[in-house]
Structures are given as C-alpha cells and as structure tokens.
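The chain contents come next:
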Amino acid sequence: MTSDGVAGLFARQFARVRSGSSRVGGRLSPSPPASPTGHSGTSTTSSLLPRFLSLGISSADASTAAASPGLGGGGTSPVASAEVLESGGGGGACGPGVNNGSGGGGTVTGSAAGVVAPAVGAAYIEDPRDDTDELAPPAHLRADAWRKLGETYDRRHAGVAAMHALIRKHERGGDGGAGGAGAGHPPPGVSPAATAVMGAAATAPCTYSRREDSFLLAFLRCKKFDTARAFDEYTNYSRFHDEYGWLRSTQRDLVRRLLTSGSFSILPTRDPDGRVILSVVTRHLLALVDDVGAANVTSILKAVLFLLEVMIADVEAQIYGAVIVQDLEGYALRYVRYMKASEYRLFLHLCQDCYPLRANAMYAINEPLVLRTVWAIVRPFMKAKVKRRFKTFGASYSVLYDHIPRESLTADFGGTLRFDANAAASRWIAAVDAANGLTQSP
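Note that the structure is a prediction, hence the values are computed from the model and not measured.

## Overview of the side chain of Asn436
Right, on to step 1. With respect to the helices, strands and loops of the structure, Asn436 is situated in the segment after α18 (421–435).
Right, on to step 2. For Asn436, the side chain forms a polar contact with the main-chain oxygen of Val432, separated by 2.9 Å.
Right, on to step 3. When neighbours within four sequence positions are excluded, Asn436 is seen to be in contact with Arg210, Tyr237, Leu247 and Glu309.

## Description of the environment of His284
Right, on to step 1. Within the secondary structure layout, His284 lies in helix α11 (residues 282–292).
Right, on to step 2. Separated by 23 residues in sequence, His284 and Ser261 place their C-alpha atoms 6.5 Å apart.
Right, on to step 3. If near-sequence neighbours (up to four positions away) are discounted, His284 is found in contact with Ser261, Gly262, Ser263 and Asp412.

## Quick word on the environment of Val280
Right, on to step 1. Mapped onto the fold, Val280 is located in strand β2 (residues 276–281).
Right, on to step 2. Once the C-alpha coordinates of Val280 and Ala364 are considered, the two residues, 84 residues apart in sequence, prove to be 9.3 Å apart.

## Let's talk about the packing of aromatic side chains
Right, on to step 1. By the definition in use, this model includes 15 aromatic pairs.
Right, on to step 2. Ring geometry for Phe219 against Tyr237: centres 5.9 Å apart, planes inclined by 70°, an arrangement best described as edge-to-face. Residue Phe219 is found in helix α7 (residues 213–222), and its partner Tyr237 is found in helix α8 (residues 227–244); the two are separated by 18 residues along the sequence.
Right, on to step 3. Seen in terms of ring centroids, Tyr397 and Tyr401 are 6.5 Å apart; in terms of plane orientation they differ by 45°. Their pairing is tilted. Of this pair, Tyr397 and Tyr401 both sit in helix α17 (residues 397–403), four residues apart, roughly one helical turn.
Right, on to step 4. According to the relative accessible area criterion, Tyr397 is partly exposed, its value standing at 26%.
Right, on to step 5. An aromatic cluster is present here, built from Tyr208, Phe215, Phe219, Phe231, Tyr234, Tyr237 and Tyr355 joined pairwise through their rings.

## Quick word on the sheet that holds strand β4 (residues 359–365)
Right, on to step 1. Read from one edge to the other, the open sheet built from five strands follows the order β1-β2-β3-β4-β5, with strand pairing classed as mixed. Only two strands of the sheet have a single neighbouring strand rather than two, namely β1 (264–270) and β5 (390–392). Across the sheet, the axes of successive neighbouring strands diverge by a mean angle of 20°, strand direction being ignored.
Right, on to step 2. In the sheet, β4 pairs with β5 via three bridges, with the strands oriented parallel. Paired with Met362 across the two strands is Phe390, which belongs to β5.
Right, on to step 3. Helix α12 (residues 297–312) contacts β1 and β2 of the sheet and is inclined by roughly 25° relative to β1.

## A look at the packing of helix α10 (residues 252–260) against α18
Right, on to step 1. Two numbers describe how α10 lies on α18: the axes approach to 9 Å, and their chain directions differ by 140°. In terms of crossing hand, the pair formed by α10 and α18 is right-handed. The residues of α18 that touch α10, namely those facing Arg252, Val255, Arg256, Leu259 and Thr260, are Ala421, Asn422, Ala425, Ser426, Trp428, Ile429 and Asp433.
Right, on to step 2. The residue makeup of the contact of α10 with α18, split by class, is six nonpolar, three polar and three charged.

What counts as what
Residues numbered from 1 in each chain as written. Predicted model: local features only at pLDDT ≥ 70, side-chain atom pairs only at ≥ 80, totals over all residues. Heavy atoms only, no water. Helix = DSSP H or I, 4+ residues; strand = E, 2+ residues; numbered from the N terminus. Polar contact = N/O pair within 3.5 Å; in protein donor to acceptor, adjacent residues only side chain to side chain. Contact = heavy atoms within 4.5 Å. Phe/Tyr/Trp six-rings, centres within 6.5 Å; stacked < 30°, edge-to-face > 60°. Buried < 20%, exposed > 50% of the residue type's maximum accessible area, 1.4 Å probe, protein only. Pairing = 2+ DSSP bridges. Axes fitted to C-alpha atoms, helices over the stretch in contact; angles between N-to-C directions. Left-handed = near helix turned anticlockwise from the far one by under 90°. Nonpolar A, V, L, I, M, F, W, Y, C, P; charged D, E, K, R; others polar.

Put into structure tokens, the structure is as follows:
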C-alpha cells in the first residue's frame, strides 16, 4: 500500500471515530471527554515533555479553600481570562466569576474571586506575602511568573480556592457530573459521540483524587489563571486516570530505559527563553519499540505519560513552558501500524487536553518523507497553535543551533552536554510515586 493509501485509510478511520458512527474496540478508544464547565477544553499543551526540578506539595486541602473569603454564596466577580492576558488586556468582567457573596446558591465557574490580571504596562512590585507562601514560585522566578502568567499572590490563592469549590460542586453531581442529568441522558455538554465511544466513562463523575494546592496550581498556571479552562483540563486528567489507572501499571524499568537510552531526554539545560528542553531521538526510540515488541507499544506510551507526570511538578516548566527537539532519522512507514488509529487519537488528546504543560515550540531535524503520511494522520487532531509551533530544519544542525545552543544539547544532536540520566531517572520515578501515594513500583 502506498503512503497516500495508508494516510487515506487512517483518515477514514478517524472520521468514523470522530462522528461516533462506530465504536472502536479496546480500552484505548475514548473521544475527548466533555467539558464540565461548558468550555471546548482547548489547551496549549502538547506531547512529550521536559524536566523535574521541585515537587512542592502543599499540605492545604479543600477545607482550607472552604474557609477562604469569597466562596460563601451567590453572586459573581470580575475575572481576567487567558485570552485577555495573551492580548495584553487588563482586567474586567470576561466571564462568570466565583461566588463571592453571602447566603444563597449561585454557580462557581470563573477565574478568580474579584481578582483581575495586571494592567498593561504595569511594573512588577514584590509582594512580601510571597516570602511565606508555600505556593509562591522561588524568588528568582516571581517576576517572570507575573509577566508571563499574570500570577500574583491574590490570583494564585483565589484560583486555588475556586478550583476546590468546583471540585466540591462536581463531585456532588453538579453540571458535568453523573448526577447532573436525568436518567438515561448524558450530563450537559457530553456529546452523543463521546458517550458512544467512551461508554460510562464519558458521564461518570470524577474522583478528583489529587487535590493538593500545588497540583491544582499547575493547571491554573497552564491556563494563565482562567479557572474554568483549568478545571476542564483537570477534569480531563482525572477522568483519564479514573478510567485507565496507568500510573500503577507503568513499568518503572521501561521508564528508566526510555531515559537512559536517549529515546527521551529531559535535559538539565534551558533554551534562551528559559524553556525546559525535551529531546527525542527517533532511532533510539524505535530500537526500544522493536525490543519490547509491537504488541507492547502501549507500555511505552505509559512510560511517556509517566514523564508528563514528572513535568507537572516542575515550576520552571509551568512558568516558561517547554521546547521539544526531535531527531527523526530512521523513521519508517512500518512503524505507523504499530499503533491503532484510536491510540494515536487518545495520545494526542492526553497531551493536548489532559496534562497542564505548554509546549511553546517543537523543532525537528532529519525528517524523512514517510512522515508526511504520519503528519496527514495526526494533523486534523492537533490544535492550530501546535501546528504553528512545529518547525522542521532538514539536516541543518546549524539552524537548530540558532534556536537552541549546541552546549545545551546532547551528542545525538551534535551537542556537548553530558548528564547522568540514570540518576535523574531514579529521582523522577521516586518523586512521581511519592506524589501519587504509590509505595511499590511495578
């Protein structure tokens, strides 16, 4: 079969899955779950990610949020959405706000209780409250967190409190929970196609098992403190882990092999814009695929997602985002069939809509012609901004070095960087297990 024929075959399969006209077999076949707050679930995140620096888990829980001012009853407050921040706009009423009155009921769907984004042209002013705040970034990152995300002490705590309020609402079966719809009907916002493909998983309430303030803050930073969008992504994340429970079954030895083989490297360096660097070397990755066997490709996907868990806790990645650099030499068409169309789609959904990580740029070198087929398969399911951020350089390493200095890259990219990947893997595996309460590694 020609490359065009393969691309056409996958495109037709995707069309069937997308329309909900046929159910894809197996457990790896969900459509993106519906947004509990009515948003489309758009995300600035993308695939396979970078570096772990710190895991500052706060001891505060939902009871702290319940005691926070501005969550007592009905009414709304002005908020600042991510779109306003990105366009340089100031604060104002850009959507529904968090309850900030006293007494009656009302909805909780906004960004921050009465807290707006910094005004255009305003100068950063240090807030002494940050010095004793467990959730605040390290001192040397606070100005950039303010400039890039609009993060302040007030927005940080109002956003976390709003996330806790949304969790309490939806776990009780509010909008988007199973109890929010009549018998036999999906909750508001859940499409019939999603219900047809995912079954009960599309409408079941989430457990929201991870509720640490620092964990919720990762989703808020990813969405620039737009609480509604952050909660949508947090719900997607929670639904996925409720349904599949991949963290417990991920082979830790395979995670280590993924890192130490050079297939994926979370580098201890930064690009000129401060972004965390993830390198992917296709020939090493495909050698690993051949070793574990085509039937076990899902195990490698689990290992990749394990690395995304590492990145959730990286404060620098939350603030600056990530850049992905990939050497595509060695890719062959035969590897396309190693994954089902539903698995391609699920993986893209997870990377784009479930994990609070922003891939600001993706650079590729040595790309073969066969990848045009793969591109035709995955392109319809990639966000527009992801497409814009993807650049290919052919065999020109010098052009790559214009974006990422040679000393920040490993020998696989002609660079001079050396680091102990095995020791890093041990730290990251232990940190992810500790954060998720996993005492035994499979």
